[in-house]
Amino acid sequence: MGVNGRRPFTEMVEIAQNELVREGASNQEDKYKGFINEVYLNELPSLLPEDYIKKEAFVTLVSQYTTGTITVGSGTAGIQGASTSWSSTQTGYFIKVSGFNRLYRVTYSADTFLTFQNSLTWVEATGAGLSYSLFQDRYSLPSDFAYLIMDDPQDPNVVSRYVSNAQIFLDPMDNDEFERQFNGIIGDIWSYTVKWVSENPYLLILSAPSAADIIRYWYIPQLTTLTEYTTGTATFTTGTAVVFAGGTLLTGNVDTSVNSYYIRNDVDGTGSSSKWVKITASTATALTLTAAWGFTSGSGQTYTISEISKWPVRFDSAMIYKSALIADPDNAQIEKWKGLYQEAITLDKTVDNKRMMPKQFKEFFGMRRRP
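Residues numbered from 1 in each chain as written. Predicted model: local features only at pLDDT ≥ 70, side-chain atom pairs only at ≥ 80, totals over all residues. Heavy atoms only, no water.

On to the pattern of salt bridges, then. For the structure on display, the rule yields 17 salt bridges. Lys31 is paired through a salt bridge with Glu23; the nearest N and O atoms lie 3.1 Å apart. The exposure class assigned to Glu23 is buried, which follows from its relative accessible area of 18%. Two residues, Glu228 and Lys33, come together in a salt bridge whose shortest N-O distance is 2.8 Å. In this pair, Glu228 is assigned in strand β17 (residues 228–229) and Lys33 in helix α2 (residues 29–47), connecting sequence segments 195 residues apart. By relative accessible area, Lys33 is classed as buried at 18%. Several salt bridges share partner residues, and in doing so they unite Glu14, Arg264 and Asp266 into one network. (Salt bridge = Lys/Arg side-chain N within 4 Å of Asp/Glu carboxyl O. Buried < 20%, exposed > 50% of the residue type's maximum accessible area, 1.4 Å probe, protein only. Helix = DSSP H or I, 4+ residues; strand = E, 2+ residues; numbered from the N terminus.)

Below, the structure written as structure tokens:
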């Protein structure tokens, strides 16, 4: 079994197939992988609250840039700066020129020159020595971002900043309302929306900040298909926290910044007898583990790297029982597994209800805190 009681994906598949249903044929493994993922991706999200998998994250807002002056010319495709030090990080920013109406999104060309995006040209009057504001209006969200947790416009509690040591929550807006309100004004931050641009998610803030700030928010990560990785062989060395996977390419298959992975030496057992160690970091051919390797050592070893579910540990068994329930070819154990699965889900709700029991009920049942 994995560290802290976690059952990696491979272990759940092996238990459901070999220990519960006892359908040992190797050509049936993919079927059980599909059952586990069906429960993980579709059934549990319909039954369990978002709070179980929500993640906290932060965005650092960038201060507006106003150094130097600019020259604009009617019909030109960009802006000339004087005493400016623009950089490539400002590609995609908006520029607002004092005394003019329109906002232009720009691409960095040089320290003193910005090009308008979308093949636009300056349509207003020519001017020189003008002041301006170059600001970032959207901020990238994590690569595993699915959506922000549900927010209440009447009582916001999802996206916040700190002002005078107090946490202030921003008002949520839909994209249409945000666009109606957006005008490039630099000032106090009060509202937000999330917009997808070229298939990438961004957090947009009103108003654009005049100074750097930090935004805190809560989101739901993407639940992607649970996987395992077994290519090539590995070298396990007693007492070291690094496993070298000879001839394999871990990059792109083991991303510990997004998902949690465990590894086992396959000679150390399968199913519920597996001996797993958690992976904390990965390169193309090496793994860093949470603890020094303490199981079977040797080179040329077959191994399994396997993900764990993003749901809390108590639902690992629920996924196993429901998969067995789906797969049972003769329904011999259907009532038993149904009961175990429902017990896991019901028990969880009972625990949560007790945790959130109002004060007056706790007092009624004699559950007052001792003095």
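With that out of the way, let us pick up the packing of aromatic side chains. Inspection of the entire model under this criterion finds 16 aromatic pairs. An angle of 75° between the planes, with centres 5.9 Å apart, marks the rings of Tyr32 and Phe35 as edge-to-face. Highlighted residues: Tyr32 and Phe35, both in helix α2, separated by three residues, approximately one helical turn. Their ring planes at 15° and their centres at 6.1 Å tell us that Phe178 and Phe182 sit as a pair that is stacked. (Phe/Tyr/Trp six-rings, centres within 6.5 Å; stacked < 30°, edge-to-face > 60°.)

The subject of this paragraph is the side chain of Thr84. As for its placement among the helices and strands, Thr84 is situated in the loop between β3 (78–82) and β4 (94–97). Reaching out from Thr84, the side chain makes a polar contact with the backbone oxygen of Asp111 at a distance of 2.9 Å. Among all residues touching Thr84, those that are not within four sequence positions of it are Tyr65, Thr67, Gly68, Thr69, Asp111, Thr112 and Tyr132. (Polar contact = N/O pair within 3.5 Å; in protein donor to acceptor, adjacent residues only side chain to side chain. Contact = heavy atoms within 4.5 Å.)

Read across the open sheet, the seven strands follow the order β7-β2-β3-β6-β5-β4-β8; overall the sheet is antiparallel. Looking at the sheet topology across the chains shown, the edges are occupied by β7 (127–130) and β8 (132–135). Across the sheet, the axes of successive neighbouring strands diverge by a mean angle of 30°, strand direction being ignored. Strand direction decides the pairing type here: strand β2 (residues 69–72) and β3, joined by three bridges, are antiparallel. (Pairing = 2+ DSSP bridges. Axes fitted to C-alpha atoms, helices over the stretch in contact; angles between N-to-C directions.)

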